[in-house]
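Report on the structure
Chain by chain, the residues:
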Amino acid sequence: MSKKVLVTGGAGYIGSHTVVELVKSGYDPVILDDYRNSDPSVLKRITQIIGYEPTHVVCDVCDQNRLEEIFKTYSISGVIHFAAYKAVGESVENPLKYYSNNIAGLVSVLNVLKQNPKVPFVFSSSCTVYGEPMGLKEVDENTAKSIPTSPYGYTKWLGEQIIGDLFISNNRLRMMSLRYFNPIGAHQSALIGELPVGKPNNLLPFITQTAAGIHEKLVIFGKDYPTVDGTCVRDYIHVVDLAEAHVKAIDHLLSLKNGCHEVVNVGTGKGTSVLELVHAFEEENNMKLNYTFGPKRSGDVIEIYANVDYAHSLLGWKATRDINDGVRDAWKWEKSIRNIQ
Ligand code: WQD
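What comes next concerns the included structure.

Scoring rules and cut-offs
Residues numbered from 1 in each chain as written. Predicted model: local features only at pLDDT ≥ 70, side-chain atom pairs only at ≥ 80, totals over all residues. Heavy atoms only, no water. Helix = DSSP H or I, 4+ residues; strand = E, 2+ residues; numbered from the N terminus. Rg over C-alpha atoms; globule rule 2.2 N^0.38 Å. Buried < 20%, exposed > 50% of the residue type's maximum accessible area, 1.4 Å probe, protein only. Contact = heavy atoms within 4.5 Å. Lys, Arg positive; Asp, Glu negative; His and termini not counted. Charge placed at Lys NZ, Arg CZ, Asp CG, Glu CD. Salt bridge = Lys/Arg side-chain N within 4 Å of Asp/Glu carboxyl O. Core = buried A, V, L, I, M, F, W, Y, C linked by side-chain atoms within 4.5 Å. Phe/Tyr/Trp six-rings, centres within 6.5 Å; stacked < 30°, edge-to-face > 60°. Lys NZ or Arg CZ within 6 Å of the ring centre and 35° of its normal. Axes fitted to C-alpha atoms, helices over the stretch in contact; angles between N-to-C directions. Parallel < 35°, antiparallel > 145°, perpendicular 65-115°, else oblique. Left-handed = near helix turned anticlockwise from the far one by under 90°. Nonpolar A, V, L, I, M, F, W, Y, C, P; charged D, E, K, R; others polar. Near = heavy atom within 4 Å. Polar contact = N/O pair within 3.5 Å; in protein donor to acceptor, adjacent residues only side chain to side chain. Areas by Shrake-Rupley, 256 points an atom, 1.4 Å probe, with all protein chains shown as cover. Pairing = 2+ DSSP bridges.

**Describing the overall build of the protein chain**
Broken down by element type, the protein chain carries 11 helices and 15 strands. For 341 residues, the compact-globule estimate of 2.2 N^0.38 gives 20 Å, and the protein chain sits close to it at 19 Å. The buried share of the protein chain, taken over its 341 residues, is 56%. Relative to all contacts within the protein chain whose residues are 6 or more apart in sequence, the contacts with residues 24 or more apart total 80%. Distance between charge centroids for the protein chain: 3 Å, based on 34 positive and 38 negative side chains.

Quick look at the structure:
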């Protein structure tokens, strides 16, 4: 009997790709989502990829009673918690929306976990907990967490703190916080991918929408940073590599006899500038992108990328896709949702 893994936010960008990889590894994912920030049509497309309709439940992750019911009904063996708001800019404009949902939702899931201490838990954290890594470019898990530059970043910073405090109170719990860098790309089938609600905040969806003619041009925020070409540097990780890391995390936690709270970077270990990503997109997809340079965006970190040694030593995981795979798959996905040949 396949182990059931509850995937909160399982209809979202990273969640849906993780559901597919869980099935590939023999798990039986249970998608929990209330579709406030995702589209139910993704269920049909996941079905096309995995060959059956995955179990899915509509639930507000803050509804603890409903969560308890779901745990009992489906005898859950593991939890991956994605359900949270994630737009850095929006969190600055509407901080209470982020604190109420992201923190309350996490606490609600952890309260149910406390009643089911044998069930391992993976938390969707973020490299934003490093803030501006004080002149460092490459960060490892021992790099001091800095002051996040947004309420969104604070919800991840505090989320890790809450999990750590819970572990101190009950060291039988098996928990892992995965610090994502910049997820990009889409499943090679082009059936699932990133569906930004409204104008995208993130770079690659803005690039693909500009290439699709939705925006007249891409504005690159700042060109005189102290970096390889003056534009900001990030660690762009293919979303399928990121999904595979979650499966490795669940595998690892299920194999443990004792409790833990591990924090693990999930990136490629390579920095790529905005201009380098734009040029990779142009070359890989054989097109010219219309872009210009604009003022710096407040809150932007200048340069950050992951040291991924720990993910490799602890989980036996490393990214196998590069930014060319990411920009190719992202464009294939954009063309599929816009019916562009
Ligand atoms: C990347 C670079 C922009 C748009 C993201 C997520 C956050 C977290 C960390 C997971 C920056 C530049 C962007 C545009 C641009 N991930 N840019 N023009 O800010 O690193 O944060 O990764 O938790 O959730 O938001 O990503 O894609 O917004 O920006 O020049 O139109 O692209 O200035 O240098 P960021 P991003």
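**Quick notes on the pattern of salt bridges**
With the rule as written, the count across this model stands at 19 salt bridges. Salt-bridge contacts for Arg321 lead to Glu244; the nearest nitrogen and oxygen are separated by 3.2 Å. Taken together, the residues span a long stretch of sequence, with Arg321 in the loop between helix 10 (309-315) and helix 11 (323-337) and Glu244 in helix 8 (residues 239-255) at a distance of 77 residues. The partly exposed category is assigned to Arg321, whose relative accessible area is 23%. Given a relative accessible area of 22%, Glu244 falls into the partly exposed group.

**Topic: the nonpolar core**
With 39 residues, the main nonpolar core has Ile46, Met176 and Leu178 as its most contacted residues. Of the residues forming this core, the biggest block, eight residues, is contributed by helix 8. With residues near it in sequence (within four places) discarded, Met176 still touches Phe121, Val122, Phe123, Ala249, His252, Leu253, His261, Glu262, Val264, Leu314 and Leu315.

**Comments concerning the environment of Thr149**
For Thr149, the position within the fold is in the loop between strand 6 (138-139) and helix 6 (151-169). Looking at Thr149, the relative accessible area reads 42%, which means it is partly exposed. Spatially, the C-alpha atom of Thr149 lies 5.9 Å from that of Gly131, the residues being 18 residues apart in sequence.

**Structural notes on the packing of aromatic side chains**
Here the structure, examined in full by the defined rule, presents five aromatic pairs. Plain terms: the ring middles of Tyr291 and Phe293 are 6.0 Å apart, the flat faces sit at 90 degrees to each other, and that makes the pair edge-to-face. Tyr291 gets classed as partly exposed once you look at its relative accessible area, which sits at 26%. Look at Phe293 and you get partly exposed, because its relative accessible area is 33%. Sitting above the plane of the Tyr85 ring, Lys97 keeps its charged end 4.4 Å from the centroid.

**Some words on the packing of helix 7 (residues 203-211) against helix 9 (residues 274-284)**
A pair of packed helices is characterised by two quantities: the angle between their axes and the separation of those axes. Their axes nearest at 11 Å, the elements helix 7 and helix 9 cross at an angle of 40 degrees. As the angle between them shows, helix 7 and helix 9 are arranged oblique. Of the two elements, helix 7 crosses helix 9, and the hand of that crossing is right-handed. Contact residues: Leu203, Leu204, Ile207, Thr208 and Ala211 in helix 7; Val274, Leu277, Val278 and Phe281 in helix 9. A class-by-class count of the residues in the contact of helix 7 with helix 9 yields eight nonpolar, one polar and no charged.

**Remarks on the site of the ligand**
Around the ligand, a shell composed of 20 residues is seen, among which Tyr152, Leu203, Arg234, Arg297 and Asp300 lie nearest. Contact between the ligand and Asn201: an oxygen atom at 3.4 Å from a main-chain N or O atom of the residue. Between Phe221 and the ligand, the recorded distance is 2.9 Å, taken from a backbone N or O atom to an oxygen atom. Here the ligand, which alone exposes 690 Å², has 92% of that area covered by the protein. At the level of secondary structure, the elements contributing two or more residues to the shell around the ligand comprise helix 7 and strand 9 (218-221). Take the shell around the ligand: its biggest share by element is four residues, from strand 9.

**A closer look at the pairing of strand 5 (residues 121-126)**
With six of six residues buried, strand 5 lies mostly within the body of the structure. Burial of the side chains of strand 5 extends over both faces: Phe121, Phe123 and Ser125 are buried on one face and Val122, Ser124 and Ser126 on the other. Examined bridge by bridge, strand 4 (residues 78-81) and strand 5 share three bridges and lie parallel to one another. Bridging from a neighbouring strand, Ile80 pairs with Val122 of strand 5.

Shape is all these values report; function is a separate question.
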